[in-house]
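Each chain is listed here by its residues.
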Amino acid sequence: MAGGVGVGGREPRRRRALVFPLPFQGHIDPMMHLAGALHARGLAVTVLHTRFNALRPGRHPEFRFVEVPDGVPANVAAAGRIIDVILAMNAAMEASPAPVLAALVSAMEAEDQEAAEGEGEPRAAACLFIDGNLLAVQRVAAALGLPTLVLRTGSAACLRCFLAYPMLHDKGYLPPQESNLDTPVPELPPLRVRDLFFSPVSSHEKVREVLARITETVRNSSGVVINTCEALEAAEMERLRGELAGLPLLLAAGPLHKLSSRSAGSSLLEQDRSCIAWLNARAPGSVLYVSFGSLAAMGAGEFQEVAWGLAGSGHPFLWVVRPKLVRGCDGVRLPDGFEDAVEGRGMVIRWAPQQEVLAHPAVGGFWTHAGWNSTLEGAGEGVPMICRPDAVDQMMNARYVQEVWGVGFELEGELERGRVGDAVRRLMEGAEMRERAKLLRRKMADCCLESSGSSQIAMDKLVSYILSL
Ligand code: UDP
């Protein structure tokens, strides 16, 4: 337990921040990176976590951990649909707030106990960082007088879309109809109706409810940190500052994984590191890295087309085939003959150390589902991208990759092996997107420069603000 001491066990920690991520990979990682960045700036950190997709405290000895009963019914947990889990968790916590209250009190009281045990002065919990999906937790924190800050793990454009959701309905853009998918949404350029937040597996009403609750959480908060940076979304941040003018704090402090040294510790699946040795033996810029994140799924036929498309592309590839990548299948089987066809050129693994893979010199392209973390990680390493968005905010991320930053393109329409092969060759053999991607990487790196970078300055502001609470 290192809660009472500073980096290297010397300096006392100034205050404590509590953090409570939503228990999904794409939400856990940025929150844990934020926790790491706060810890590096002298704050003690307590992580609240659920049993559903539980974190492993042993991997983070520098943080204190407190478990919060999540109340997610077993059948909802087993199905693992993010929107259903969010609604179930909030409903359970609202129906019975006592366990959350007890967990928060225990996280806050730990300070005094540490002091009593002679581990330094009490470092009162200054605030609670919550994922934007945890309105129920915010309500309990408010009852305790504990200020909440919200970490938005999506883009600034995505938050703008959430704020605009009621207007998008009033104006008839939503729910999307087959006939209006290509209609531009001038209120949210460069988005079209097909790029707006949408889930094919949850009803539109449920999506509306979840987004309305996020908006409420944001507006009720004492500040919002967005995992983005000025290099990517200066204009969107500017507009958001107008739209959320009443908020005490609104910061672009990302990419958070570049501001914190924490990496593999919060991975829910075991990372297969053998791919690094495999990449070490490949020529610079020669490998396409293919991953569709932690939740996106495809049909069995599409999976076959991806496999044979990669085989036919002629380019080396590293492909993450995680369990449940194919809809309705727990274990995924590669097509017969595929391994022989790609021997020496293709590697398939269950889960990758993605940030390290994207930073590897052998990787020259990224085929992604355009989850926001993956998009940030690819852009941050200057790797051009093929985007194949599946749901939620991925369509708008893909739109920005193609239309705003010009560092990749969306593979639209049917997944068919010939089109896949063409897309891979277009990405790996094209020069312009690669150049733009390198330029964007430099701009993003500038945002993370110690003391002068806009995201570092934002992080300093954040810490001063926390200390003032
Ligand atoms: N990721 C990983 N290994 C993999 C695939 C993904 O560590 O093989 C990580 C990736 O680095 C990213 C997160 O999982 O931080 C996925 O988040 P994202 O927002 O891209 O997509 P989601 O999984 O939420 O759809």
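Residues numbered from 1 in each chain as written. Predicted model: local features only at pLDDT ≥ 70, side-chain atom pairs only at ≥ 80, totals over all residues. Heavy atoms only, no water.

Asker: What's the story with the site of the ligand in this structure? I'm lost.
Answerer: Contacts to the ligand come from 20 residues, most closely from Ser-294, Ala-352, Asn-373, Ser-374 and Glu-377. In this structure, an oxygen atom belonging to the ligand sits 3.5 Å away from a main-chain N or O atom of Trp-372. Out of a free accessible area of 530 Å², the ligand has 94% covered by protein chains. Within the residue set of the shell around the ligand, elements represented by two or more residues are helix 1 (25-40), strand 8 (287-291) and helix 13 (372-380). Here the element with the most residues in the shell around the ligand is helix 13; it accounts for four residues. Tallied by class, residues from the shell around the ligand come to six nonpolar, twelve polar and two charged. (Near = heavy atom within 4 Å. Polar contact = N/O pair within 3.5 Å; in protein donor to acceptor, adjacent residues only side chain to side chain. Areas by Shrake-Rupley, 256 points an atom, 1.4 Å probe, with all protein chains shown as cover. Helix = DSSP H or I, 4+ residues; strand = E, 2+ residues; numbered from the N terminus. Nonpolar A, V, L, I, M, F, W, Y, C, P; charged D, E, K, R; others polar.)

Asker: Please explain helix 6 (residues 156-170) as it appears in this structure.
Answerer: Structural remark: α-helix, 3.6 residues per turn; residues separated by three or four positions point the same way. Helix length check: helix 6 (15 residues) gives 22 Å between terminal C-alpha atoms against 21 Å at 1.5 Å per residue, within 8%. Where helix 6 bends most, at Ala-164, the angle is about 55 degrees, and the proline Pro-166 comes one to four residues later. In terms of burial, helix 6 is largely enclosed, as twelve of its 15 residues are buried. Of all the positions in helix 6, only Ala-156, Ala-157, Cys-158, Leu-159, Arg-160, Cys-161, Phe-162, Leu-163, Ala-164, Tyr-165, Leu-168 and His-169 are classed as buried. Of the residues flanking the start of helix 6, the one acting as N-cap is Ser-155, its side-chain oxygen 3.4 Å from the backbone nitrogen of Ala-157. (Expected span 1.5 Å × (residues − 1). Bend = angle between axes of the 7 residues up to and from the residue. Buried < 20%, exposed > 50% of the residue type's maximum accessible area, 1.4 Å probe, protein only.)

Asker: Is there a simple way to explain the pattern of salt bridges in this structure?
Answerer: Side chains that carry opposite charge are capable of pairing whenever their charged atoms lie near each other. Under the defined criterion, the tally for this structure stands at 24 salt bridges. Ionic pairing is found between Arg-51 and Glu-67, a salt bridge with its closest N-O pair at 2.9 Å. Remark: Glu-67 occurs in strand 3 (residues 64-67) and Arg-51 occurs in the loop between strand 2 (44-49) and strand 3; sequence separation between them is 16 residues. Look at Arg-51 and you get exposed, because its relative accessible area is 62%. (Salt bridge = Lys/Arg side-chain N within 4 Å of Asp/Glu carboxyl O.)

Asker: What am I meant to see in the packing of helix 10 (residues 300-313) against helix 15 (residues 417-429) here?
Answerer: Each pair of packed helices can be summarised by the angle the axes make with each other and by the distance between the axes. In the contact formed by helix 10 and helix 15, the axes pass within 7 Å of each other and the chain directions differ by 45 degrees. If you check the angle between helix 10 and helix 15, you find them oblique. When you trace helix 10 past helix 15, the crossing you get is right-handed. Side by side, helix 10 and helix 15 meet where Glu-305, Val-306, Trp-308, Gly-309, Leu-310, Gly-312 and Ser-313 of the first sit next to Arg-417, Val-420, Gly-421, Val-424 and Arg-425 of the second. (Axes fitted to C-alpha atoms, helices over the stretch in contact; angles between N-to-C directions. Parallel < 35°, antiparallel > 145°, perpendicular 65-115°, else oblique. Left-handed = near helix turned anticlockwise from the far one by under 90°. Contact = heavy atoms within 4.5 Å.)

Asker: Mind showing me how you'd approach the pairing of strand 8 here?
Answerer: Both faces of the sheet carry side chains from a regular strand, because those side chains alternate between them. In terms of burial, strand 8 is a largely internal element, five of the five residues being buried. Pairing of strand 8 with strand 11 (residues 363-368), which is carried by five bridges, proceeds in the parallel orientation. Paired with Val-290 across the bridge in strand 11 is Trp-367. Pairing analysis gives three bridges linking strand 8 to strand 9 (residues 317-320), with the strands arranged parallel. Bridged to Val-290 within strand 9 is Trp-319. Tracing the backbone out of strand 8, into helix 10 and back to the parallel element strand 9 gives a crossover that is right-handed. (Pairing = 2+ DSSP bridges. Right-handed = clockwise from strand over helix to strand, strands pointing away.)

Asker: Looking at this structure, how should I read the sheet that holds strand 10 (residues 346-349)?
Answerer: Hydrogen bonds between backbone groups are what pair the strands of a sheet, and the pairing can be parallel or antiparallel. Spatial ordering of the open sheet is given by 10-9-8-11-12-13, a layout of six strands whose pairing is parallel. At either end of the open sheet lies a strand with only one pairing partner, and these are strand 10 and strand 13 (408-410). Strand after strand, the sheet turns through a mean of 15 degrees between neighbouring axes, direction not considered. Judged from the three bridges that link them, strand 12 (residues 385-387) and strand 13 form a sheet pairing that is parallel.

Asker: Would you take a moment to explain the sheet that holds strand 4 (residues 125-131) for this structure?
Answerer: In spatial order, the strands read 3-2-1-4-5-6-7; together these seven strands make up an open sheet with parallel pairing. A single partner strand is all that each edge strand has here, and the edge strands are strand 3 and strand 7 (250-252). Between one strand axis and the next, the sheet turns by 20 degrees as a mean value, whatever way the strands run. Sheet topology note: the strand 4/strand 5 (residues 148-152) ladder contains four bridges and is parallel.

Asker: Sorry if this is basic, but what is going on with the confidence of the model for the protein here?
Answerer: Predicted coordinates in regions of low pLDDT should not be interpreted in detail. Per-residue confidence for the protein averages 92 on the pLDDT scale, and 94% of its residues sit at or above 70. Under a pLDDT of 50 for its full length, residues 1-10 has, in the predicted model, 23 contacts with residues more than four places off or in other chains. (pLDDT = per-residue confidence, 0-100.)

Asker: Looking at this structure, I do not really get the environment of Pro-248. What am I missing?
Answerer: Mapped onto the elements, Pro-248 comes out in the loop between helix 8 (230-243) and strand 7. The exposure class assigned to Pro-248 is exposed, which follows from its relative accessible area of 51%. Along the backbone, Pro-248 and Val-357 are 109 residues apart, and their C-alpha atoms lie at a distance of 38 Å. Ignoring anything within four residues of it in the chain, the contact list for Pro-248 reads Ser-221, Ser-222 and Tyr-465.

Asker: Teacher, can you tell me more about the nonpolar core here?
Answerer: Residues Phe-20, Leu-48, Leu-128, Leu-168, Phe-197 and Leu-318 are the most contacted members of the largest nonpolar core, which totals 102 residues. No other element matches the ten residues that helix 6 contributes to this core. Those residues in contact with Phe-197 that sit more than four places away from it in its chain are Cys-158, Cys-161, Phe-162, Tyr-165, Val-207, Leu-211, Val-392, Asp-393 and Met-396. Counting residues in each nonpolar core, the second largest holds 33 residues, with Ala-17, Leu-151, Val-225 and Val-463 among its members. (Core = buried A, V, L, I, M, F, W, Y, C linked by side-chain atoms within 4.5 Å.)

Asker: Explain the side chain of Ser-313 to me, please; I cannot follow it from the model alone.
Answerer: One can find Ser-313 in helix 10. Overall, Ser-313 belongs to the buried group, its relative accessible area being 4%. A polar contact of 2.8 Å, which involves the side chain of Ser-313, links it to the backbone oxygen of Leu-310. If near-sequence neighbours (up to four positions away) are discounted, Ser-313 is found in contact with Arg-345, Gly-421, Val-424 and Arg-425.

Asker: How should the pairing of strand 1 (residues 16-20) be read in this particular structure?
Answerer: Burial analysis of strand 1 places five of its five residues in the buried class, which makes it a mostly covered element. Covered by surrounding structure in strand 1 are Arg-16, Leu-18 and Phe-20 together with Ala-17 and Val-19, the residues of both alternating faces. When strand 1 meets strand 4, the two strands line up parallel, connected through five bridges. Counterpart to Ala-17 in the pairing with strand 4 is Cys-127.

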